[in-house]
Amino acid sequence: MRKKTAPNPADAWDPAREFLLEVLDLRTWFETKKGLLSGKSQRIRAVDGVSFCLEQNQTLGLVGESGCGKTTLGRTLLGLEAASAGDVRFRGRPLLHLSRKQMDQMRRHLQVVFQDPVSSLNPRMNVMDIITEGLERFGMLEGTKQEHARRLLAEVGLDKAMIYRFPHEFSGGQRQRINIARAVSLRPDLVICDEAVSALDVSIQAQVINLLLNLQETHHLSYLFISHDLGVVSNIADQVAVMYLGRIVEIGATAQIIGEPCHPYTQMLIAALPVAGQKRAESAQVKGETPSPADPPPGCHFHPRCPKAIAVCRDTAPDQIRLRDRTVCCHLYA
Ligand SMILES: Nc1ncnc2c1ncn2[C@@H]1O[C@H](COP(=O)(O)OP(=O)(O)OP(=O)(O)O)[C@@H](O)[C@H]1O
Ligand SMILES: [Mg+2]
């Protein structure tokens, strides 16, 4: 006999047996016109062969310079950009090429917090409606909207009396708390935070990071925490992935990557981190221009800027090399 309600396939997942998120050789390429007047097109390899796994209750920090493909990677996982190749499994199910309806269902488990807390909140909705919208859409409102809104506001450290206020009545940090309340309202498994604290003052950044850590502990959330700031990432991430021109060049546990970086690019990023009370050394900055993902250098993409480049780096792309405590993509470790 058929069951009355078909089981939701997205709900059948065993965190003890499977990763929450598995990304395998993911590529997202954009085809664009080369110039305004030129008829020629070019291929921008924004994400170009990215692989990683993320467990429940863990945070992966994704770092790299502007334009290396961090946002495109996040948007591809959210179904906002089409993947060109590769495979993604989320909660044990394929995530790419879902229908719009299937992706909508999946979004209950997969939420996002963007950088700009102003433009991501509808100025005409009050806080109660903003943070309970998802619960309403998924039929998860048991009890009154006010009750849910008050509980969520308390969870993110905002005064319960604020539920009828509008976004413009809040500071930047408070608005980001509202975004976070909305993201966690559905009790998702994964929240993609794309530069979620980058627009905030340093002291507010620390408070929001503490909030994210507390919510993780309470709800066993996982985060993909995207930031160009390795210092910020090191405060929240269990693992760090360093991205350069569409590829992950080094990935491993945060303490190992920060304490003993292997890839010359990671070494330069860490050397460029400001040290409290010290002026950053001129030589310590990441030198040279980032090449265009439309025309990446041959061989290792980093070789034109790499102080340790050897002959093979100029013409042969390095493989992913598994070391004891990390994976690194560099000929020096072959
Ligand atoms: N829709 C698009 N069409 C064409 N090119 C795009 C598109 N979106 C992104 N790109 C290009 O893809 C590359 C990666 O961009 P992306 O925004 O993912 O980088 P990012 O690492 O998030 O940078 P930032 O730190 O500045 O946010 C860039 O060269 C960008 O110009
Ligand atoms: Mg970005």
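For clarity, every value in this text was computed on a predicted model and none was experimentally measured.

Rules and cut-offs
Residues numbered from 1 in each chain as written. Chains lettered and ligands numbered in written order. Predicted model: local features only at pLDDT ≥ 70, side-chain atom pairs only at ≥ 80, totals over all residues. Heavy atoms only, no water. Near = heavy atom within 4 Å. Polar contact = N/O pair within 3.5 Å; in protein donor to acceptor, adjacent residues only side chain to side chain. Areas by Shrake-Rupley, 256 points an atom, 1.4 Å probe, with all protein chains shown as cover. Helix = DSSP H or I, 4+ residues; strand = E, 2+ residues; numbered from the N terminus. Phe/Tyr/Trp six-rings, centres within 6.5 Å; stacked < 30°, edge-to-face > 60°. Buried < 20%, exposed > 50% of the residue type's maximum accessible area, 1.4 Å probe, protein only. Lys NZ or Arg CZ within 6 Å of the ring centre and 35° of its normal. Core = buried A, V, L, I, M, F, W, Y, C linked by side-chain atoms within 4.5 Å. Contact = heavy atoms within 4.5 Å. Pairing = 2+ DSSP bridges. Salt bridge = Lys/Arg side-chain N within 4 Å of Asp/Glu carboxyl O.

Chemist: How do you make sense of the site of ligand 1 when you look at a structure like this?
Modeler: Taken together, the neighbourhood of ligand 1 is formed by 14 residues, with Ser66, Gly67, Lys70, Thr71 and Thr72 sitting nearest. In the environment of ligand 1, an oxygen atom lies 3.2 Å from a nitrogen or oxygen atom belonging to the backbone of Cys68. With respect to ligand 1, the side chain of Thr71 contributes an N or O atom lying 2.8 Å from an oxygen atom. Contact with the protein chains hides 65% of the accessible area of ligand 1, taken as 630 Å² for the molecule alone. For the shell around ligand 1, the secondary structure elements donating two or more residues are strand E1 (21–33), strand E2 (41–54) and helix H1 (70–77). Ranked by residue count, the leading element in the shell around ligand 1 is H1, at three residues.

Chemist: Explanation requested: the packing of aromatic side chains in the structure shown.
Modeler: Within a pair of aromatic rings, the relevant descriptors are the distance that separates the centres and the angle that separates the planes. Counted under the stated rule, the structure contains three aromatic pairs. Taking the centre distance of 5.0 Å and the plane angle of 80° together, the rings of Tyr244 and Phe302 count as edge-to-face. One end of the pair, Tyr244, is in strand E9 (residues 239–244); the other, Phe302, is in the loop between helix H9 (264–271) and strand E11 (321–322), with 58 residues separating them in the sequence. We classify Phe302 as buried; its relative accessible area is 1%. An aromatic cluster of at least three residues, connected via ring pairs, comprises Tyr244, Tyr265 and Phe302. Of note, Arg45 hangs over the ring of Trp29, and the distance from its end group to the ring centre comes to 5.3 Å.

Chemist: Can you walk me through the nonpolar core in this structure?
Modeler: Within the largest apolar cluster, 56 residues are counted, with the highest numbers of intra-cluster contacts made by Ile131, Ile178, Ile180, Leu215, Tyr223, Phe225 and Val240. Ignoring any residue separated from it by four or fewer positions in sequence, one finds Ile178 in contact with Leu121, Val127, Ile130, Ile131, Leu158 and Phe170. Core analysis: the next-biggest nonpolar cluster, separate from the first, contains 32 residues, Val23, Leu60, Leu73 and Ile192 among them.

Chemist: Even after reading the chapter, I still don't get the side chain of His148, so can you show me in this structure?
Modeler: For His148, the location among the structural elements is in helix H4 (residues 145–155). Judged by relative accessible area, His148 falls into the buried class, the value being 10%. Ignoring any residue separated from it by four or fewer positions in sequence, one finds His148 in contact with Thr132, Leu135, Met140, Leu141 and Glu142.

Chemist: What should I look at first to understand the pairing of strand E4 (residues 85–90) in this one?
Modeler: On a regular strand, one side chain projects to one face of the sheet and the next to the other, so that they alternate. With five bridges connecting them, E1 and E4 associate as antiparallel partners. Directly across from Leu24, in E4, lies its bridge partner Asp87. Taking the residues between adjacent antiparallel strands as the criterion, E4 and strand E5 (residues 93–94) are bridged by two residues, where Arg91 takes a positive phi near 55°.

Chemist: Looking at this structure, I do not really get the pattern of salt bridges. What am I missing?
Modeler: If charged atoms from side chains of opposite charge come close, those side chains can pair. Using the criterion set out here, one finds 13 salt bridges in the structure. Close ionic contact of Arg247 with Asp48 constitutes a salt bridge, the shortest N to O distance being 3.5 Å. With Arg247 in strand E10 (residues 247–253) and Asp48 in strand E2, this pair connects stretches of sequence that are 199 residues apart. The salt bridge partner of Lys145 is Asp129, with a shortest N-O separation of 2.7 Å. In this pair, Lys145 sits in helix H4 while Asp129 sits in helix H3 (residues 127–137), placing the two residues 16 residues apart along the sequence. Among the residues examined, Lys145 registers a relative accessible area of 22% and is labelled partly exposed.

Just geometry here; none of it tells us what the structure is for.
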